[in-house]
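Secondary and tertiary structure notes
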Amino acid sequence: MCPPGGHSTDLIADDAALIADELVTNAVVHAGTTVEVRCRLTERPPAGWAAALGAEEEPPGLLVEVSDHHPSRAPADPGTPYGRSGPYTAEYGRGLQIVASLAERWGVTYRTGLKTVWARIALDGTGTSGRLPVRVDEEGRDDEPGPRAHTETDWRGHGALSFLAETSDLLAGQLDEEMVAALAGQLLVPRLAEWCAVWLDGSGTSARLAGVWHADETRLDALRALLEKQPPRPADPPYPGPVEVPAPEAGNSARAAHRGGPGPGSGTGVAPATRAASVDAVPAGPGSAAAADAPAVTLSCRLVTNGRPVGTLLLGRPGKAPVPDEIIELVEDFARRVALAIGAARRYTRQATISRVLQRALLPSQVARIPGVASGLVYEPRDEGLAGGDFYDVFHCPEDRWCFMLGDVQGSGPEAAVVTGLARPWLRLLGREGYQVGEVLDRLNRLLLDDATEAAEAASAMAAASAAETMAAGEAAAAGLPLSELPLSELPAVGASEGYHPRFLSLLYGELVPLPAGGARCTVASAGHPLPLLLRPDGTVRPAAEPQLLLGIAENSPYESQTFDLEPGDTLLCVTDGVTERRSGGRMLDDADGLARALAGCTGLTAQAVADRIREVVHAFDGAPPDDDLALLVFQAE
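Residues numbered from 1 in each chain as written. Predicted model: local features only at pLDDT ≥ 70, side-chain atom pairs only at ≥ 80, totals over all residues. Heavy atoms only, no water.

Of all the residues in helix α6 (residues 220-229), the buried ones are L220, L223, R224, L226 and L227. The buried side chains of α6 occupy one side of the element, clustering within an arc of 165 degrees when seen end-on. (Buried < 20%, exposed > 50% of the residue type's maximum accessible area, 1.4 Å probe, protein only. Helix = DSSP H or I, 4+ residues; strand = E, 2+ residues; numbered from the N terminus. Arc of directions from axis to C-beta.)

Following this line, the structure appears as structure tokens:
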């Protein structure tokens, strides 16, 4: 038997196994990278613990460390991922509260390219008996994890610069405002604050509590419930920098209204020079018996980017002492970086939303089903936030014909989307008008050339106008005339077609006509596109078309098609150059007929299974993600 509140030394291994399991679950779910687990004995706690706790020494312990390679993701608050509020049904483990209940100490260490969550178990079996578990975050060190005690004077020089540099490094490239808010809390607590909360402003809606963090994980739920009842009421215009406000507590809003003063987080009329320490004890636990005795200081700082507020940062510090100017300035610099990251994340989200809407408009809502022919599809744009240059379609035409296309526009983004929006509807129209495969490519080629000619003429006119304006300004300056007297408004506007570049299109276009005896007759033409490959049931593979010139290059270049029967069991693979030109160092996937060899190994698979297998081959060819759009169409005669 072990005494109440203590652990038997025989159970230390079980505690360590449970802690490791929880930390690994946290890393795998929230980081998604490989995980490294390390257990070792420590003769004494890492430097700084005894001083931080006011103790001379502590017993030896077992240190459990779990590291992942995605330090930009912080550990989730217990019960919800990344400190978000709201119901979640996914499995996220039991949270870090169980780690805190078993470990003597636990914390997070950030290094470049590495994040380590660690926990220490005392070998004498005391565990957390007699005191609450303490969480410590520190700047990355090369010796061992653990707290790094900072005095207020440490933040005046290198300490502040290191903290801000780490903040910039972790927030750089974050494209999710929820993750930015989560990282902000993990960086502040417990280095600069005992607790903090981040609200995010919505468009035309009230502020939303994005996350709450506390040095004592067991008090998060009570703090979150209290803060949700007392959202910030920021000043308008927002005060530039942190201001002291009354700490939130039960009944605080009512008392503030009775006094006629601002509520928690109002940020109105409370300047840093009028520091009145709040005695509301949120850090000691809202509603607890210690709330009336534990002094605290609460700072509120509006998050503003490009003159527009995006949220509010609220943090609490224990003690009656006024917050030093160094900390005020550091929090202000920190909030500025957080606001910039939130603004960048929101701009990316808007761009990604527009791109997804555009992408859905450029691609078919569904692929037509062809009688007697099974189909498989894989489509992966390189960047989910931008419209890709690859497009596809399968549609029904009169006279029992099914036409298909797989194209690749030079480049990507909006310019490529314009060409895609031009090509796909025209191909559908020409196919349904009864034009043969080669004739469809001839007409689309002339359409692209006409569009390119008009754009080039517009670009030339703009360049001539710009040159005329420059020459007129030079002559006026030589004659001593003011520019305001020149008729520049009569010149054509400059810039509408600047930076014009012709857009070429590679295209694989064909039609399938089901045969009464099974299979289908296929007619196909390739214009500067990777050739389609025909897989026979015996494993032989051959090209099914002849190479021809890209569309949009030459006017007098007629396109020809090839016709063959797709017999039962035959498979036709159509791909874009994102497959054939997939690189690994100096090699490409299709070197030495690499794609044909991969297709030969797909004998006996269904159409969709063939598409999935080729996709796996592309991703496995190199460890880095593909750097081009990926599109595959597979047809298999049944």
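Now, onward.
Right, let's talk about the pattern of salt bridges for a bit. Tallied over the full model, the rule gives 16 salt bridges. Residue E178 is joined to R208 by a salt bridge in which the shortest nitrogen-to-oxygen separation is 2.6 Å. Taken together, the residues span a long stretch of sequence, with E178 in helix α5 (residues 177-188) and R208 in strand β7 (residues 205-214) at a distance of 30 residues. Look at R208 and you get partly exposed, because its relative accessible area is 36%. Between D393 and R428 there is a salt bridge, with its nearest N and O atoms 2.5 Å apart. You can see D393 sitting in strand β12 (residues 390-397) and its partner R428 sitting in helix α9 (residues 414-432), a full 35 residues away along the chain. Relative accessible area serves as the criterion here: at 21%, R428 is assigned to the partly exposed category. The network of salt bridges with common partners includes R38, R40 and E65. (Salt bridge = Lys/Arg side-chain N within 4 Å of Asp/Glu carboxyl O.)

This part is about the sheet that holds strand β16 (residues 533-535). The strand order across the open sheet formed by five strands is β11-β22-β19-β16-β17, and the pairing between neighbours is antiparallel. Of all strands in the sheet, those bounded by a partner on one side alone are β11 (373-380) and β17 (541-543). Direction aside, neighbouring strands of the sheet carry axes that sit 20 degrees apart on average. Sheet contacts for helix α13 (residues 607-620): β11, β19 (571-575) and β22 (630-637); angle to β11, the most-contacted strand, approximately 30 degrees. (Pairing = 2+ DSSP bridges. Axes fitted to C-alpha atoms, helices over the stretch in contact; angles between N-to-C directions. Contact = heavy atoms within 4.5 Å.)

A few words on the nonpolar core. Of all hydrophobic cores here, the largest spans 48 residues; its most connected members are Y509 and F635. Per element, the largest residue contribution to this core is six residues, and it comes from strand β13 (residues 401-409). Excluding its chain neighbours within four sequence positions, the residues that come into contact with F635 are I370, V373, A374, S375, V394, F404, L512, L566, D570, T571 and L572. Membership of the second largest hydrophobic core comes to 40 residues, among which are A182, L303, L313 and V338. (Core = buried A, V, L, I, M, F, W, Y, C linked by side-chain atoms within 4.5 Å.)

Attention now moves to the packing of aromatic side chains. In total, this model carries three aromatic pairs according to the counting rule given. When the centroid spacing of 5.5 Å and the interplanar angle of 25 degrees are considered together, the rings of F163 and F334 count as stacked. Of this pair, F163 sits in helix α4 (residues 158-171) while F334 is found in helix α8 (residues 325-362), placing the two residues 171 residues apart along the sequence. Both residues of the pair, F163 and F334, count as buried. The interplanar angle of 55 degrees and the centroid separation of 5.5 Å between the aromatic rings of Y379 and Y392 together place this pair among those described as tilted. Remark: Y392 occurs in strand β12 and Y379 occurs in strand β11; sequence separation between them is 13 residues. Judged on exposure class, the residue Y379 and its partner Y392 are both buried. Taking NZ or CZ as reference, R542 lies 5.7 Å from the ring centre of F564, over its face. (Phe/Tyr/Trp six-rings, centres within 6.5 Å; stacked < 30°, edge-to-face > 60°. Lys NZ or Arg CZ within 6 Å of the ring centre and 35° of its normal.)

The subject of this paragraph is the packing of α5 against α8. Their axes nearest at 8 Å, the elements α5 and α8 cross at an angle of 165 degrees. Looking at the two axes, α5 sits roughly antiparallel to α8. Here α5 runs over α8; the crossing is right-handed. For the pair α5 and α8, the contacting residues are E177, V180, A184, L187 and L188 in the first and F334, V338, A341, I342, A345 and R346 in the second. (Parallel < 35°, antiparallel > 145°, perpendicular 65-115°, else oblique. Left-handed = near helix turned anticlockwise from the far one by under 90°.)

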